[in-house]
Amino acid sequence: MDKSMLGDLESLPEEDKIRMSTMIDQLQIRDSLRMYNTLVERCFSDCVDTFRRKSLDKQEETCVRRCAEKFLKHSMRVGMRFAELNQGAPTPD
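The text that follows walks through the structure, step by step, so that each part is easy to find. Since the model is a prediction, treat every value here as computed from it, not as a measurement.

1. Overview of the state of the cysteines
Here a disulfide denotes a covalent bond joining the sulfur atom of one cysteine to the sulfur atom of another.
Here comes step 1: This structure, assessed with the given rule, holds two disulfides.
Here comes step 2: Between the sulfur atoms of Cys43 and its disulfide mate Cys67 the distance is 2.1 Å. Its S-S torsion of about -90° marks the bond between Cys43 and Cys67 as left-handed, since a negative value means left-handed. Residue Cys43 is found in helix H1 (residues 14-47), and its partner Cys67 is found in helix H2 (residues 58-88); the two are separated by 24 residues along the sequence.
Here comes step 3: By relative accessible area, which is 3% here, Cys43 ends up buried.
Here comes step 4: Judged by relative accessible area, which is 13%, Cys67 ranks as buried.
Here comes step 5: Each sulfur in the disulfide pair Cys47 and Cys63 lies 2.0 Å from the other. The chirality of the disulfide connecting Cys47 with Cys63 is left-handed, given an S-S dihedral of about -70°. With a gap of 16 residues between them, Cys47 in helix H1 and Cys63 in helix H2 connect regions that are remote in the sequence.

2. Some points on H2
Here comes step 1: For H2, spanning 31 residues, the distance from its first C-alpha to its last is 45 Å, which sits close to the expected 45 Å at 1.5 Å a residue.
Here comes step 2: Taken together, the buried positions of H2 are occupied by Glu60, Cys67 and Phe71.
Here comes step 3: Considering only its buried residues, H2 is in contact with H1.
Here comes step 4: Residue Asp57 occupies the N-cap position of H2, its side-chain oxygen lying 3.2 Å from the main-chain nitrogen of Gln59.

The rules we used
- Residues numbered from 1 in each chain as written.
- Predicted model: local features only at pLDDT ≥ 70, side-chain atom pairs only at ≥ 80, totals over all residues.
- Heavy atoms only, no water.
- Disulfide = S-S within 2.5 Å.
- Helix = DSSP H or I, 4+ residues; strand = E, 2+ residues; numbered from the N terminus.
- Buried < 20%, exposed > 50% of the residue type's maximum accessible area, 1.4 Å probe, protein only.
- Expected span 1.5 Å × (residues − 1).
- Contact = heavy atoms within 4.5 Å.
- Polar contact = N/O pair within 3.5 Å; in protein donor to acceptor, adjacent residues only side chain to side chain.

Written as structure tokens, this is what we have:
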């Protein structure tokens with residue numbers, strides 16, 4: 001969901017538009033935090049084996065960087081594909 005969808009809601013009273021905008025913002029924040037938490041959990045569990053020192057060693061750091069890049073690229077690809085599918089979907093008008 002994004003705010004461009006609010007254009008379709010022009011018939012709603014201003015109070016309802018504000019409420020919808022706030023709800024969309026909250027959903028986007030929740031989804032962003034969920035994605036971040038999934039990324040951290042997955043990459044940490046895949047890349048960090050021991051707690052020998054306070055900082056990551058070179059191998060762990062490289063693994064985390066690659067893992068994060070792959071995760072973000074995959075998420076962007078899925079989002080783009082979802083948007084493509086939504087654009088082709090018939091509207092209920």
